[in-house]
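A look at the structure
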Amino acid sequence: MEDKTSTLRLIYPQWQGGIVNHWMPDLPADDASRGYYLGAQLLNILAPPSPQKTVEVPISLDINDRETDLGVSARKVILKQTKAALELLHENAPEKIVTLGGECSVSVVPFTYLAAKYPDDIAIVWIDAHPDINLPYDEYKGYHAMALTACLGMGDEEILQLLPGKFKVSNTLIVGLRSWDEGIKERQKNLGIKGLSPEEVAKDSSSILKWLKGTGASKVVVHFDMDVIDPADMIAGVGVEPNGMKIDEVVRVINNIASKYDLVGLTVADASYSHQAKEYAGPVTFIEIIKKDVALKQSYVFFILHYYNFRDLFLIIIFLILLVFFLWGFFHEERTQLIQTVER
């Protein structure tokens with residue numbers, strides 16, 4: 001049965017929201033965040049062909065666009081790219097959006113577009129190791145850490161004026177949460193944003209489904225940051241936080257949500273090279289992952305995969321991303337050593 005709804009695949013390789021060079025000491029600071037751009041392109045290449053239309057947000061690769069303005073790093077270029085993304089959505093007027101990023105702020109435009117399209121009937125499930133509820137002028141200036149607050153209508157005034165809608169805090173849930181910057185855990189409590197730890201969703205998705213039922217919403221958007229995955233299981237994102245969710249658990253949560261609710265938005269974000277993957281050589285090997293049971297009877301997230309096996313494709317995508325970023329880091333290190341030898 002063919003999907004008759006209007007679904008748009010949005011390639012959004014925005015990288016400027018991340019300040020991640022401290023996590024990648026083996027790469028030049030200028031190169032570190034731009035790994036997000038490559039991650040989005042890889043996701044697009046590896047995702048299966050689909051009858052749905054695909055568009056790409058034009059993204060600058062100029063490292064000189066990263067000036068901090070009004071408490072937000074690279075604010076001016078992010079503002080420009082936000083406008084470009086909104087123009088694409090208004091031009092295509094989709095009913096559902098699959099976003100392939102890019103750092104976490106790539107969810108802001110498509111999710112607030114959907115919030116405006118389905119007012120008072122939509123909930124947001126943010127699957128992430130971090131809450132992403134920073135605000136301008138916090139110590140950390142990266143916009144990707146402000147993504148969820150932007151979806152809630154908080155943050156930079158000029159950016160917020162552009163966004164079509166916002167989510168109610170009562171309809172916002174963070175899943176897999178286990179890492180907070182200083183003062184952010186208290187902010188989450190003060191804002192009243194509910195969070196579930198990996199342990200609370202390890203056995204089943206009942207706590208998520210119970211919470212969704214309480215919202216009264218019929219439609220859901222899901223943000224999936226790859227750093228939510230336990231590094232002992234697999235490393236696919238920049239940040240590496242121990243004691244996370246297993247691959248099986250993430251797939252199960254998304255499919256359980258999609259089986260009960262109208263999943264109108266899905267973002268896959270944070271695919272990038274990780275320096276820390278070198279410390280987890282065992283878990284990131286494809287052989288160890290593939291030994292697990294990769295059969296999935298049915299994937300309800302068909303508007304992104306168009307009836308492809310979500311788990312199988314997911315594993316292939318992650319493996320290839322890891323391979324590319326490993327080779328990138330390896331050859332960069334070799335090149336640096338060669339240059340240093342020549343300079344001596």
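What this report covers is the structure whose coordinates are included nearby. Keep in mind it's a predicted model, so treat the numbers as computed, not measured. (Residues numbered from 1 in each chain as written. Predicted model: local features only at pLDDT ≥ 70, side-chain atom pairs only at ≥ 80, totals over all residues. Heavy atoms only, no water.)

Observations regarding the side chain of Asn171
If you trace the backbone, Asn171 turns up in the loop between α6 (157–162) and β5 (172–175). A relative accessible area of 4% places Asn171 in the buried class. Within the local environment of Asn171, its side chain forms a polar contact with the backbone oxygen of Ile122, the two atoms lying 3.0 Å apart. Discounting chain neighbours no more than four positions away, the residues touching Asn171 are Ile122, Ala123, Ile124, Trp211, Thr215 and Ala217. (Helix = DSSP H or I, 4+ residues; strand = E, 2+ residues; numbered from the N terminus. Buried < 20%, exposed > 50% of the residue type's maximum accessible area, 1.4 Å probe, protein only. Polar contact = N/O pair within 3.5 Å; in protein donor to acceptor, adjacent residues only side chain to side chain. Contact = heavy atoms within 4.5 Å.)

Considering unusual backbone geometry
Residue Gly102 is reached from Gly101 by a cis peptide bond, and omega for that bond is 25°. You can see Gly102 is positioned in the loop between β3 (96–101) and α4 (108–117). Not every positive phi belongs to a glycine, and Leu70 is a case in point at roughly 55°. Structurally, Leu70 can be placed in the loop between β2 (53–56) and α3 (75–92). Accessibility expressed as a relative area gives 42% for Leu70, which makes it partly exposed. Although it is not a glycine, Ala74 sits at a positive phi angle of roughly 60°. Relative to the assigned elements, Ala74 resides in the loop between β2 and α3.

Re the pairing of strand β7 (residues 219–225)
Among the 7 residues of β7, 7 are classified as buried, and the element is accordingly described as predominantly covered. Side-chain alternation along β7 places Lys219, Val221, His223 and Asp225 on one buried face and Val220, Val222 and Phe224 on a second face that is also buried. The sheet contact formed by strand β4 (residues 122–127) and β7 spans 6 bridges and is parallel. Opposite Ile127, over in β7, you have Phe224 as the bridge partner. As defined by bridge partners, β7 adjoins strand β8 (residues 262–269) across 7 bridges and the pair is classed as parallel. In the strand pairing of β8, Val220 is matched with Leu263. (Pairing = 2+ DSSP bridges.)

It is worth stressing that arrangement in space is one thing and function is another; only the former is reported here.
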